[in-house]
Amino acid sequence: MTKKRIIILGSTGSIGESALKVVSAIKGELEVLGLTTDRNIEKLQKQIAKYHPKSVGIVNLDSLAEFAGRYPQNGTKVCGGKESLVELATLENADLVLSGVVGAAGLPALLAALKMGRTVALANKESLIMAGSIVTETAEKSGATLLPVDSEHSAMFQCIQGQNNNAVKRIILTASGGPFYRYKGDLSKVTVKKALAHPNWVMGKKITIDSATLMNKGLEAIEAHFLFGVPLDRIEIVIHPQSIVHSAVEFADGSVIAQLSHPDMCLPIQYALTYPNRRPCPIPSLDFAKMNRLDFAVPDFRKFPCLELALSAGRSGGTMPAVLSAANEVAVYSFLEHRIKFTDIPRIVEKALGQHKRTTHPDLAEILEADSWARAIAKQQVKKLSVV
Ligand code: MG
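The rules behind each value
- Residues numbered from 1 in each chain as written.
- Predicted model: local features only at pLDDT ≥ 70, side-chain atom pairs only at ≥ 80, totals over all residues.
- Heavy atoms only, no water.
- Donors = N, O, S within 2.8 Å, 3.2 Å for Na, K, Ca; no water.
- Helix = DSSP H or I, 4+ residues; strand = E, 2+ residues; numbered from the N terminus.
- Buried < 20%, exposed > 50% of the residue type's maximum accessible area, 1.4 Å probe, protein only.
- Contact = heavy atoms within 4.5 Å.
- Polar contact = N/O pair within 3.5 Å; in protein donor to acceptor, adjacent residues only side chain to side chain.
- Phe/Tyr/Trp six-rings, centres within 6.5 Å; stacked < 30°, edge-to-face > 60°.
- Disulfide = S-S within 2.5 Å.
- Expected span 1.5 Å × (residues − 1).
- Core = buried A, V, L, I, M, F, W, Y, C linked by side-chain atoms within 4.5 Å.
- Domains from an automatic or database assignment.

Student: Outline the coordination of the magnesium ion, supporting the account with residue identities and numerical values.
Tutor: Ligation of the magnesium ion by protein atoms is provided by Asp 150 (OD), Glu 152 (OE) and Glu 220 (OE), these donors lying 2.1 to 2.2 Å from the ion. In terms of primary sequence, the donors binding the magnesium ion are separated according to D-x1-E-x67-E. Here Glu 220 lies in helix α11 (residues 215–228) and Glu 152 lies in helix α8 (residues 151–159), a separation of 68 residues in the sequence. Residues Glu 152 and Glu 220 agree in their burial class; the two are buried.

As structure tokens, then:
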């Protein structure tokens, strides 16, 4: 059997590490051609020693210089800077690119891989949010395939296998509710540590904060819209605190197909890497007799204003989702740096959306301009609200 040759962008992050676990677990099926990190060179070096990639990329230039001094390579080519993401995404002879990069930084590499007609397993949802039409059009033009990695979207994708696309009536997008689902206290006073304590999922910091504000669920509704071509008003968000049902699809005849499993990112990552095949995955089987109950509830839009902000930006379309995502990135990192309060995140995003003059059918340059404009506005707001 020929091995599937893969490139992992963002290999030292949470998605990248889980992906490499999958590579080790299904021995002999996947070959690692390339890896990238922003600045975690110690971890990258360990991954090089174990997986022997042909090339690696280090985005941060100081880290690149340090890496060159500390870990001389023989046999592995080292690229550096932002461009290294594109260089790695377009490496020769690859079968699949997994993008686990966080934020807008992943967009150029995503587009470059899709232009080549390459299969991309996409965990970097921000790229799809900011430039959804351009990403899907680029894939269509070249015949490239986009495979979802996000657990909810992997669930939807699994539910529609073998179904006629026109038969999808509605998507039911589930949400755990995050760490503050049952929280009755003052959200303006919650600490970074508390916001990072997700009840069900182990993930990177940015997405964990997005899960706490429910921004993540709004972003995921937009993501589902672009991945499956379903309008936002046919995507229903449902709180499901146990995170066992990862999402469901209702078809024209009223049948609902759902995908269930223990919440572990290894499964959706593995499905994207082995698709269309299924392989054993080292997560526990569901025990229905012991499950007792699965709960579902409507989300609290007042307690979590980010959700409505995301959905309305998604409905407006054009450059609005790019502004939403960029302002949110700035706000989330400012919260992680203890500069603003948890409840300042939606305030900053709302301000940027409110001041933005939307372009209806933006090209890439207009999207990138909206992105930097929103970052500047958000940074101004952070300065105003800053607690340190
Ligand atoms: Mg998700």
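Still more to cover.
Student: Just give me the short version of the environment of Gln 242, but keep the residues and values in it.
Tutor: Following the sequence through the fold, Gln 242 ends up in the loop between β9 (235–239) and β10 (245–251). Look at Gln 242 and you get partly exposed, because its relative accessible area is 24%. Taking the C-alpha atoms as reference points, Gln 242 and Arg 293, separated by 51 residues in sequence, lie 8.9 Å from one another. Apart from residues no more than four positions distant in its own chain, Gln 242 is found in contact with Asn 200, Pro 263, Arg 293, Leu 294 and Asp 295. Separated by 2.7 Å, the side chains of Gln 242 and Asp 295 make a polar contact.

Student: Describe the packing of aromatic side chains, and please don't skip the residues or the numbers.
Tutor: This structure, assessed with the given rule, holds 7 aromatic pairs. Judged by centre distance (5.4 Å) and plane angle (55°), the ring pair of Phe 67 and Tyr 71 falls under tilted. Each member of the pair, Phe 67 together with Tyr 71, is buried. Ring geometry for Tyr 271 versus Tyr 275: centroids 5.7 Å apart, planes at 75°, classification edge-to-face. Take Tyr 271: its relative accessible area is 7%, and that puts it in the buried class. Here a set of aromatic residues connected by ring pairs shows up, and it is made of Phe 180, Tyr 183, Phe 335 and Phe 342.

Student: Give a description of the environment of Phe 296 that names residues and reports values.
Tutor: Take Phe 296: it is sitting in the loop between α13 (288–291) and α14 (305–316). Taking relative accessible area as the criterion, Phe 296 reaches 48% and is therefore assigned partly exposed. Distance in space between the C-alpha atoms of Phe 296 and Lys 82 is 42 Å, their sequence separation being 214 residues. Ignoring sequence-local partners within four residues, the contact set of Phe 296 consists of Val 238, Ile 239, His 240 and Val 245.

Student: Explain the state of the cysteines to me, and be specific about the residues and the numbers.
Tutor: Throughout the structure, instances matching the rule amount to 0 disulfides. The thiol of Cys 281 is not disulfide-bonded; the next cysteine sulfur, from Cys 266, is found 5.7 Å away.

Student: So what's going on with helix α16 (residues 344–355)? Residues and values would help.
Tutor: Helical periodicity: at 3.6 residues per turn, an α-helix aligns residues three or four positions apart in one direction. Here α16 contains 12 residues, and its C-alpha end-to-end distance of 17 Å stays within 8% of the 16 Å for a straight helix at 1.5 Å per residue. Buried within α16 we find Asp 344, Ile 345, Pro 346, Ile 348, Val 349, Ala 352 and Leu 353.

Student: Run through the nonpolar core, naming residues and quoting values.
Tutor: Membership of the largest hydrophobic core comes to 126 residues, with the highest contact counts inside it found for Leu 9, Val 135, Val 149, Leu 324, Phe 342 and Ile 345. Counting residues domain by domain, this core receives three or more from each of domain 1 (4–149) and domain 2 (153–263 + 292–385). Here Leu 324 is in contact with Met 215, Leu 219, Ile 222, Leu 309, Ala 310, Ala 313, Val 349 and Leu 353, once residues within four sequence places are set aside.

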